[in-house]
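Understanding the architecture of this molecule
The primary structure of each chain is shown beneath.
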Amino acid sequence: SSSSSSSSSSSSSSTEEEKEDVKKAEKKKTKIRTKKLKKMRKAKLQKRKEKKEKAKEKKLLAKEKAQLEAALQDIRAKSDDEEEHKDERKRGYNSKYDVKAPTEDEIDEWQRKRQRTEDPMLQFMSK
């Protein structure tokens, strides 16, 4: 009877050891899982940071590009003005202005305001 009780106690201790081993294995698995999850979270955070940085860089580049384009337009406008003054001899008469026929109102106004040489009162106005 003592041998049967010792065998039953040894079998119960072996099952307890197995349970402990299973618990230890599960703990290791959970530790490994948590480590993997932490790594994955870190990687996601890193990707998010990189995306944000790229977005900021794109915004800065777009701003710089817009500033450069504005500066180029200013420079081109200045150079166009300079070219107009340089080639003054080569341009045609009244080429800077849109030529259109005068309206009737403009003709009437001009006729009223122009000086007439035959006007007898002109000599008193000029003095």
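One can find the structure itself at the top, above this paragraph.
First, a word on what this report is: a plain description of the structure on this page.

Parameters at a glance
- Residues numbered from 1 in each chain as written.
- Predicted model: local features only at pLDDT ≥ 70, side-chain atom pairs only at ≥ 80, totals over all residues.
- Heavy atoms only, no water.
- Helix = DSSP H or I, 4+ residues; strand = E, 2+ residues; numbered from the N terminus.
- Buried < 20%, exposed > 50% of the residue type's maximum accessible area, 1.4 Å probe, protein only.
- Areas by Shrake-Rupley, 256 points an atom, 1.4 Å probe, with all protein chains shown as cover.
- Salt bridge = Lys/Arg side-chain N within 4 Å of Asp/Glu carboxyl O.
- Patch = residues over 30% accessible without salt bridge, like charges linked within 9 Å, V, L, I, M, F, W, Y side chains within 5 Å.
- Lys, Arg positive; Asp, Glu negative; His and termini not counted.
- Charge placed at Lys NZ, Arg CZ, Asp CG, Glu CD.

**What about the overall build of the protein chain?**
- Counting its secondary structure elements, the protein chain contains three helices and zero strands.
- In sequence order, the protein chain lays out its α and β elements as α-α-α.
- Scored against the burial criterion, the 127 residues of the protein chain give a buried share of 0%.
- Total accessible area computed for the protein chain in this model is approximately 13,400 Å², and 53% of it derives from carbon and sulfur atoms.

**A word on the pattern of salt bridges**
- This structure, assessed with the given rule, holds one salt bridge.
- A salt bridge links Lys113 to Glu109, with the nearest nitrogen and oxygen atoms 3.1 Å apart. Placement of both Lys113 and Glu109 in helix H2 (residues 104–113) is noted, with a separation of four residues, approximately one turn of the helix.
- Glu109 gets classed as partly exposed once you look at its relative accessible area, which sits at 37%.

**What about a negative patch on the surface?**
- A surface patch of negative charge is lined by Glu16, Glu17, Glu18, Glu20 and Asp21.
- The exposure class assigned to Glu17 is partly exposed, which follows from its relative accessible area of 49%.

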